[in-house]
Amino acid sequence: MAQTSSSHRLQVIRNHLFNLRNASVLQRDDYSRTKCSILFSNTSVQDVCGKLQSELAQIGVKDVEIEPPPKGMEEEYTTLLTPHAVQFVADLVRHFNDQVDLMMKERVRRKVELDITGALPGFSENPKITKSDWVVAPVPERIVDRRLDLGDVSPANTDKFVEALLCPVNGIQTDFDDGHCPTWKGQLRGLHNVYRAVFGLIPGVPDITKVPVLMLRPRAWNMIEHNMLVDGKEVPGPLFDFGLLMFHCGTHLLKAKSGPFFYMSKLEGANEAKLWNDIFCWSQDKLSIPQGSIKACVLIENILASFEMEEILYELREHSLGLNCGIWDYSASFVNKFGKYYVNVLQKNFDR
């Protein structure tokens, strides 16, 4: 029953995309100019998808469906979406889906509370955090110096990504989030380009130990990966991105002393940092990577998170790379959280 429902859902998505593309008159690249009727009828594309489903069945992976690759993306698709990689992502999603749902509901609850009461957030008085003796674990040598990171570099733009890899900077914020404008084609190409960079497969680009550190930024929690269904439900975008990046690149980056390092965007509180910490611990266990190997810098892009910065560091203390303020989303969050009470957004002294 679940399989029939998910198959129908995928067909609805296919038809919707088909209609959108046929209606569009502004096509920007060679893929977009390809007739939409070719997209899902191409034999090689369907063969790739059918082969994956057959291989998943052989290793006992059920109730997982993945949209076929865009035309011309068969290599990226087969490299990334191997049966065991898909199994890892599906297991990750199943293990944490309930917690993700609760976290999203907590966001809604807190927003409703702010709207109803007009209350302002406050700082924590939790003695376990404010008065106990704890420290953030030391960071690896390659990320001790982080004076200059290139921001919002989309790995789907191959030429710009290669330029970034050749820049004399400390790190690259390798963005799968909103600065990258996620699409199915873009995610596959971006993930594949990271894979190529990590394994030294991009012509003219040095070994991963000799290029800037890749600070990998999965999508934020509000973004969904519509092209993968687990148990009939679309998967959270960040789990799709993080899962594939960790499965394919985590061990190699660790051996090269160049990762795995991440940026975590748009967290709204320490409870969300704890969720990410649990995801890190689970992934390290599954991949037989030592605990504490993953390091993550949390972007403070929400006014609510700014009241829980110490708590965020505490929850991620074995995996933290510190905090970084994302000014634009941070500013927008004032309106999002307190816009109903405009006096909290535009104080009188702002007019001076």
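Summary of the structure given here. This is a predicted model, so every value here is computed, not measured.

Helix and strand counts for the protein chain stand at 13 helices and nine strands. Across the 352 residues that make up the protein chain, the buried fraction comes to 49%. A separation of at least 24 residues holds for 75% of the contacts in the protein chain among residues at least 6 apart in sequence. Accessible surface computed for the protein chain: about 17500 Å², of which carbon and sulfur atoms make up 55%.

On the basis of which strands lie adjacent, the open sheet formed by six strands has the order β2-β3-β4-β7-β8-β9 and parallel pairing. Of all strands in the sheet, those with a lone pairing partner are β2 (149–153) and β9 (320–325), marking the two edges. In this sheet, adjacent strand axes meet at a mean angle of 25° when their direction is disregarded. Bridging between strand β3 (residues 171–175) and strand β4 (residues 213–217) involves five bridges; their strand directions are parallel.

Here we come to a nonpolar patch on the surface. A contiguous nonpolar surface patch, about 290 Å² in accessible area, is contributed by Val108, Val112 and Ile116. Topologically, Val108 is positioned in helix α6 (residues 83–117).

Where helix α10 (residues 237–255) contacts helix α11 (residues 270–286), the axes come no closer than 12 Å and their chain directions differ by 35°. Read as a crossing pair, α10 and α11 show a hand that is right-handed. Counting all contacts with α10, which are made through Pro238, Leu239 and Phe242, the residues of α11 involved are Trp276, Ile279, Phe280 and Ser283. Looking at side-chain class alone, the contact of α10 with α11 contains six nonpolar, one polar and no charged residues.

Every buried residue of helix α8 (residues 158–165) is accounted for by Phe161, Val162, Ala164 and Leu165. Relative to the axis of α8, the buried residues are bounded by an arc of 160° and lie together on one face. Buried residues along α8 sit against β2, β3, α9 (184–198) and β4.

On to the side chain of Asn277, then. Tracing the sequence through the fold places Asn277 in helix α11. The exposure class of Asn277 is buried, given its relative accessible area of 13%. If near-sequence neighbours (up to four positions away) are discounted, Asn277 is found in contact with Glu315, Leu316 and His319.

Before going further, it helps to spend a moment on the nonpolar core. Residues Leu81 and Met228 are the most contacted members of the largest nonpolar core, which totals 72 residues. Here this core gets 10 residues from one element, more than from any other, and that element is α6. What Met228 contacts, discounting residues up to four positions off in sequence, is Val64, Glu65, Ile66, Val86, Val89, Ala90, Lys233, Glu234, Val235 and Phe240. In terms of nonpolar packing, the next biggest core, distinct from the first, is built from eight residues, Ile143, Phe261, Cys297 and Leu321 among them.

Analysis parameters
- Residues numbered from 1 in each chain as written.
- Predicted model: local features only at pLDDT ≥ 70, side-chain atom pairs only at ≥ 80, totals over all residues.
- Heavy atoms only, no water.
- Helix = DSSP H or I, 4+ residues; strand = E, 2+ residues; numbered from the N terminus.
- Buried < 20%, exposed > 50% of the residue type's maximum accessible area, 1.4 Å probe, protein only.
- Contact = heavy atoms within 4.5 Å.
- Areas by Shrake-Rupley, 256 points an atom, 1.4 Å probe, with all protein chains shown as cover.
- Pairing = 2+ DSSP bridges.
- Axes fitted to C-alpha atoms, helices over the stretch in contact; angles between N-to-C directions.
- Patch = residues over 30% accessible without salt bridge, like charges linked within 9 Å, V, L, I, M, F, W, Y side chains within 5 Å.
- Salt bridge = Lys/Arg side-chain N within 4 Å of Asp/Glu carboxyl O.
- Left-handed = near helix turned anticlockwise from the far one by under 90°.
- Nonpolar A, V, L, I, M, F, W, Y, C, P; charged D, E, K, R; others polar.
- Arc of directions from axis to C-beta.
- Core = buried A, V, L, I, M, F, W, Y, C linked by side-chain atoms within 4.5 Å.

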